[in-house]
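Residue-level structure breakdown
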Amino acid sequence: MFDKLKATLLSFKFSSSKCDPSFYVFFENGFVVYILVYVDDIIITGNNIKSIHSLVSQLNFVFSLKDLGDLDYFLGIEVQRQKDGSLIQTQSK
């Protein structure tokens, strides 16, 4: 399944990281989208919410996705969103 996801992301003009094969970046016309894949979990973030929603729709067309909403916990890291938009990451659990 990872090979299919990789091929799909590359067809969407994402580049894979040379340091981490599970990290992908899309950059075009000032828009940037980052994707991090771990087993069957995917984190998607970027600087344009419309681009992110469009990408999620395209991925959902190819794969069966379950949107879990805002990130709050991933790989032992707790993520807390602050009122100013910043994030605090902790490993207190």
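This text gives an overview of the structure that appears in the document.

1. Comments concerning the environment of Leu59
By the secondary structure assignment, Leu59 is in helix 2 (residues 49–62). Excluding residues that lie within four positions of it along the chain, Leu59 makes contacts with Leu5, Thr8, Leu9, Phe12, Ile44 and Leu65.

2. Points about the pattern of salt bridges
For the structure shown, the criterion picks out one salt bridge. The shortest N-O distance in the salt bridge between Lys13 and Glu28 comes to 3.8 Å. Placement of Lys13 in the loop between helix 1 (2–11) and strand 1 (15–16) and of Glu28 in strand 2 (residues 23–28) is noted, with a sequence separation of 15 residues between them.

3. Observations concerning the nonpolar core
Counting 11 residues, the largest nonpolar core consists of Leu5, Leu9, Phe14, Tyr24, Phe26, Val33, Ile35, Val37, Leu55, Leu59 and Phe63. Considering every element that reaches this core, the biggest residue donor is strand 3 (residues 31–38), with three residues. In this structure Leu55 touches Phe12, Phe14, Val33, Ile35 and Ile44, once residues within four positions along its chain are discounted.

4. Looking at a nonpolar patch on the surface
A surface patch of nonpolar side chains, amounting to about 340 Å² of accessible area, comprises Tyr38, Val39 and Leu75. Here Leu75 is to be found in the loop between strand 5 (73–74) and strand 6 (77–81).

5. Examining the pairing of strand 7 (residues 87–90)
Sheet analysis places strand 6 next to strand 7, joined by four bridges and oriented antiparallel. Across the sheet, residue Arg81 finds its bridge partner in strand 7, namely Leu87. Where strand 6 hands over to strand 7, the hairpin turn is made up of five residues, of which Gly85 adopts a positive phi near 95°.

6. Looking at helix 1
Residues of helix 1 that are buried: Leu5, Thr8 and Leu9. Along the axis of helix 1, the buried residues cluster in a sector spanning 95°; they form a single face. Exposed side of helix 1, more than 90 degrees from the buried face: Asp3 and Ser11 are the residues found there. Residues of helix 1 that are buried make contact with strand 2, strand 3, strand 4 (41–46) and helix 2. Backbone geometry just after helix 1 places Lys13 at a positive phi near 75°.

What counts, and where the lines are drawn
Residues numbered from 1 in each chain as written. Predicted model: local features only at pLDDT ≥ 70, side-chain atom pairs only at ≥ 80, totals over all residues. Heavy atoms only, no water. Helix = DSSP H or I, 4+ residues; strand = E, 2+ residues; numbered from the N terminus. Contact = heavy atoms within 4.5 Å. Salt bridge = Lys/Arg side-chain N within 4 Å of Asp/Glu carboxyl O. Core = buried A, V, L, I, M, F, W, Y, C linked by side-chain atoms within 4.5 Å. Buried < 20%, exposed > 50% of the residue type's maximum accessible area, 1.4 Å probe, protein only. Patch = residues over 30% accessible without salt bridge, like charges linked within 9 Å, V, L, I, M, F, W, Y side chains within 5 Å. Areas by Shrake-Rupley, 256 points an atom, 1.4 Å probe, with all protein chains shown as cover. Pairing = 2+ DSSP bridges. Arc of directions from axis to C-beta.

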